[in-house]
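# An overview of the molecular structure
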Amino acid sequence: MKLLWRRIRLLEPKAELDQVKMEFYSVLIPVLLSKKIFEYNKDIKDMLELFKLKNPIGEYLYSNRTALIAKVIREIDKNEIEEINFNLSTFKEFVLKQMEEKQLIDSSETTKFINKYSRNKG
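Note that this is a predicted model, so its numbers are computed, not measured.

### Re the overall build of the chain
Of regular secondary structure, the chain possesses six helices and zero strands. Counting from the amino terminus, the chain carries its helices and strands in the arrangement α-α-α-α-α-α. The contacts in the chain between residues at least 6 apart in sequence include a share of 68% that link residues at least 24 apart. Carbon and sulfur atoms make up 52% of the accessible area of the chain, which totals about 7700 Å².

Right, dumping it as structure tokens:
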């Protein structure tokens, strides 16, 4: 999980369309398949509703992750560079926040312990 978190943090919008797609897909697919980040399929909907897609994602697709991923990839593939960069930034912000809330980025047990009993829980 820590490696995935690091790769997401390094994602940056770029001018080269094919390079952005390749980097985006390489983190999008493992994130959407992860039961640790999105325990239930319906949890993915909150993030996908923020994306700029040509066609909306049908409700029926949320019952099957692999079909959902296929549809999301087809929709992102239709995007222009501005839309992909927007979706990339939205994805990065949303997923990093999810991972931090679920404490999926801390590999140190000490850090987890400190965060669990911290007074600054926001």
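Now that the structure is up, let's keep going.
### With respect to helix α3 (residues 41-48)
Among all positions of α3, only N41, I44, M47 and L48 are buried. With its buried residues spanning 90° around the axis, α3 presents them on a single face. Structurally, α3 contributes buried residues whose contacts are with α2 (17-33), α4 (65-78) and α5 (81-101).

### A few points about unusual backbone geometry
With the exception of glycine, the majority of residues adopt a negative phi angle, and the majority of peptide bonds are in the trans configuration. Of note, the phi angle at Q103 is positive, near 50°, even though the residue is not glycine. Within the element layout of this structure, Q103 appears in the loop between α5 and α6 (109-116).

### Observations concerning the pattern of salt bridges
Pairs can form between side chains of opposite charge whenever their charged atoms are close. The tally for this structure, following the rule as stated, stands at eight salt bridges. With its nearest N and O atoms 2.4 Å apart, the salt bridge here joins E59 to K45. Here the residue E59 occupies a position in the loop between α3 and α4, and K45 occupies one in helix α3, the gap between them amounting to 14 residues. On the accessibility criterion, E59 (52% relative accessible area) is exposed. Among the charged side chains, a network of salt bridges with common partners joins K45, E49 and E59.

The rules we used
- Residues numbered from 1 in each chain as written.
- Predicted model: local features only at pLDDT ≥ 70, side-chain atom pairs only at ≥ 80, totals over all residues.
- Heavy atoms only, no water.
- Helix = DSSP H or I, 4+ residues; strand = E, 2+ residues; numbered from the N terminus.
- Contact = heavy atoms within 4.5 Å.
- Areas by Shrake-Rupley, 256 points an atom, 1.4 Å probe, with all protein chains shown as cover.
- Buried < 20%, exposed > 50% of the residue type's maximum accessible area, 1.4 Å probe, protein only.
- Arc of directions from axis to C-beta.
- Salt bridge = Lys/Arg side-chain N within 4 Å of Asp/Glu carboxyl O.

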